[in-house]
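What follows is each chain in one-letter form.
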Amino acid sequence: MAANVKENGSVGAAPIRSATNPMVTPLLTDLYQFTMAYAYWKAGKHLERAVFDLYFRKNPFGGEYTVFAGLEECIRLIANFHFKEEDISFMRSVMPTCEDKFFEYLRNVDCSDVEVYAIPEGSVVFPKVPLIRVEGPVAVVQLLETPFVNLVNYASLVATNAARHRFVAGKSKILLEFGLRRAQGPDGGISASKYCYIGGFDATSNVAAGNLFGIPLRGTHSHAFVSSYMSHDEIADKSLPSRDGSRTCMDFLSLAKTWLSKIRLSESLQGIFGETNQSELAAFTSYALAFPTDFLALVDTYDVMRSGIPNFCAVALALSDLGYKACGIRLDSGDLAYLSIEVRKFFHAIEKEFNIPGFGKMAITASNDLNEETLDALNKQGHEIDAFGIGTYLVTCYSQAALGCVFKLVEINNQPRIKLSEDVTKVSIPCKKLCFRLYGREGYALVDIMTGENETPPKVGERLLCRHPFNESKRAYVVPQHVEELLKCYWPGNSNKPREELPSLEKIRNRCMQQLEQMRADHMRRLNPTPYKVSVSGKLYDFIHFLWLSEAPVGELQ
């Protein structure tokens, strides 16, 4: 193999690691990719230069935008693409009628003669525009189809889902991805954590994802921890040093109980609660002793306002006496809007009654099968929640199963190709294309336009005709104030073109946030969003329809 494909792509570029998931290998593909590869080889067509576009046809979740993700894993695959001896042996058993020389060919296959151009990961993208353009020997590129579509489909879907949750929650709220236990297997869980972070979530509960990708981790305790305590006697060591180390409280539990009595007898809180659940107090005390600087309690195991909140506040006030500051509480059931408002009132009353600055601003986190709709409903009702822990509906993309990416041949041996269909949305846009995003005076994106490879690119200040690819009446002139070329070279193969470095996860996330900021609000809204315009140049429009008529058979009436 060509020196691990010229040290993964281009001279002087940093080597690219293998895919995050070890199951991502050349065998992660559909059988028909191998049968086509053999047929190409048998016909002597396998080295013909082909161009394929990877794109999708419709934005997900009833929206009008998509976040592109999964590119890095695609590049990792091709940078390390080769068949092991055991792979060759397996394919011999699967395709026993194929000639031995075909397997010799597979043994030497790599991606040194493949070029990959893509929109940067984390970008906001739209239907029909190529996310990735792959050029290379047709048999090799065909083998890349299934893994590329697999690596982009879910990644882009869940990143978009995360971005939609972020848009509804607002910039000021903390979003926590809690979906590992409900995700579709380990890879679904790891992928969800990574791509939800790109889409705007702040942290994850997934420890493996934190280790792999450096995503911030968040978590507290479950109902099981609270219900596992049955008495105060289960706390073996009740001592806690003060934060500055100057003294030690030998019985932190007694200090918390003293505070609980003070709260119960306080004028502003009298009558709200009576006797709290003492095993819950023991659990909170034990957790605070373990994590005095990160005390955040789940308060709905027994009763939020009559037990959980008073017990939490008693422990938080005891921590305050020793120089610590509790983090807040989590609600996992009940009327989240109402409870969050009542909890906030309780916190403010504590701050005022006992002169504890900042106590009223203690963080309130909510979980419990939240989704985009419930976030929207909470906003309309009014609430005091600071952070949302979201799992099942986020990582499973409950409201839409797949993005529907496709991988279509658009050119072979410099001859443009088109895929026709009675459903016009499934007609492909032929030839190797350049793609641009045009921006208006206010800095918002106006339209994406595709042109032929040899056309003059759009220029700032120059009037340009943008046409709908298939509807002749939909057209408009645009005078762009800024022009962004979308496709960058991420894998130059043997072409010696400069390769774009793969950015860090943090940079991809920042790009996603910036791109979303550049979208008009009417494209982003949940209800009846305005479709974003995707167009072709006048020349490409004419060529599409010329090729369509050339390839479509002419009917005959009898």
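Definitions and cut-offs
- Residues numbered from 1 in each chain as written.
- Predicted model: local features only at pLDDT ≥ 70, side-chain atom pairs only at ≥ 80, totals over all residues.
- Heavy atoms only, no water.
- UniProt positions renumbered as here; feature names shortened; annotations may be inferred.
- Pairing = 2+ DSSP bridges.
- Helix = DSSP H or I, 4+ residues; strand = E, 2+ residues; numbered from the N terminus.
- 1 Å grid on protein atoms, 1.4 Å probe; cavity = no way out; pocket = protein on both sides within 12 Å on 5 of 7 lines; lining within 4 Å.
- Points joined across faces, edges and corners; volume = space filled by probe spheres on them.
- Nonpolar A, V, L, I, M, F, W, Y, C, P; charged D, E, K, R; others polar.
- Salt bridge = Lys/Arg side-chain N within 4 Å of Asp/Glu carboxyl O.
- Buried < 20%, exposed > 50% of the residue type's maximum accessible area, 1.4 Å probe, protein only.

- The name given to the chain in an unreviewed UniProt entry is Nicotinate phosphoribosyltransferase, with the source organism recorded as Canna indica.
- What UniProt records for the chain under Sequence similarities (unreviewed entry) is the sentence "Belongs to the NAPRTase family."
- Per UniProt, the chain has the following entry under Catalytic activity (unreviewed entry): "5-phospho-alpha-D-ribose 1-diphosphate + nicotinate + ATP + H2O = nicotinate beta-D-ribonucleotide + ADP + phosphate + diphosphate".

## Describing the sheet that holds strand S7 (residues 203-204)
What holds strands together in a sheet is hydrogen bonding between their backbones, with the strands either parallel or antiparallel.
1) Next: An order of S7-S6-S13-S12-S11-S10 is seen for the six strands of this open sheet, with the pairing classed as parallel. Across the chains shown, the open sheet's two edge strands, defined by having one partner strand only, are S7 and strand S10 (296-298).
2) Next: Of the pairings in the sheet, the one linking S10 to strand S11 (residues 328-331) comprises three bridges and is parallel in character. When the sheet's bridge partners are listed, Leu296 is paired in S11 with Gly328.

## Looking at the layout of surface pockets
1) Next: By volume, the largest pocket amounts to about 770 Å³.
2) Next: His468, Pro531, Tyr532, Lys533 and Val534 are, among the 27 residues lining the largest pocket, the residues nearest its centre.
3) Next: Listing elements by their share of the lining of the largest pocket, those giving two or more residues are strand S17 (445-452), strand S18 (464-467), strand S19 (475-478) and strand S22 (533-536).
4) Next: In terms of residue class, the lining of the largest pocket is made up of 13 nonpolar, six polar and eight charged.

## Observations concerning the UniProt feature "domain: Nicotinate/nicotinamide phosphoribosyltransferase" (unreviewed entry) in the chain
1) Next: Mapped onto this numbering, the UniProt entry annotates "domain: Nicotinate/nicotinamide phosphoribosyltransferase" (unreviewed entry) at residues 328-426.
2) Next: For residues 328-426, the helix share is 33%, the strand share is 22%, and the end-to-end C-alpha distance is 51 Å.

## Brief notes about the pattern of salt bridges
1) Next: A complete count under the given rule lists 33 salt bridges for this structure.
2) Next: The shortest N-O distance in the salt bridge between Glu453 and Lys432 comes to 3.5 Å. Of the two residues, Glu453 sits in the loop between S17 and S18 while Lys432 sits in the loop between strand S15 (415-416) and strand S16 (433-439), which places them 21 residues apart along the sequence.
3) Next: Here Glu453 falls in the partly exposed class, since its relative accessible area comes to 38%.
4) Next: Measuring nitrogen to oxygen at the nearest pair gives 3.1 Å for the salt bridge that ties Arg511 to Glu484. Placement of Arg511 in helix H16 (residues 505-517) and of Glu484 in strand S20 (residues 482-485) is noted, with a sequence separation of 27 residues between them.
5) Next: The class for Arg511 is partly exposed, based on a relative accessible area of 22%.
6) Next: When its relative accessible area of 14% is taken as the criterion, Glu484 is described as buried.
7) Next: Through salt bridges that share partners, Arg164, Glu372, Glu373, Asp376, Lys380 and Arg526 make up one connected network.

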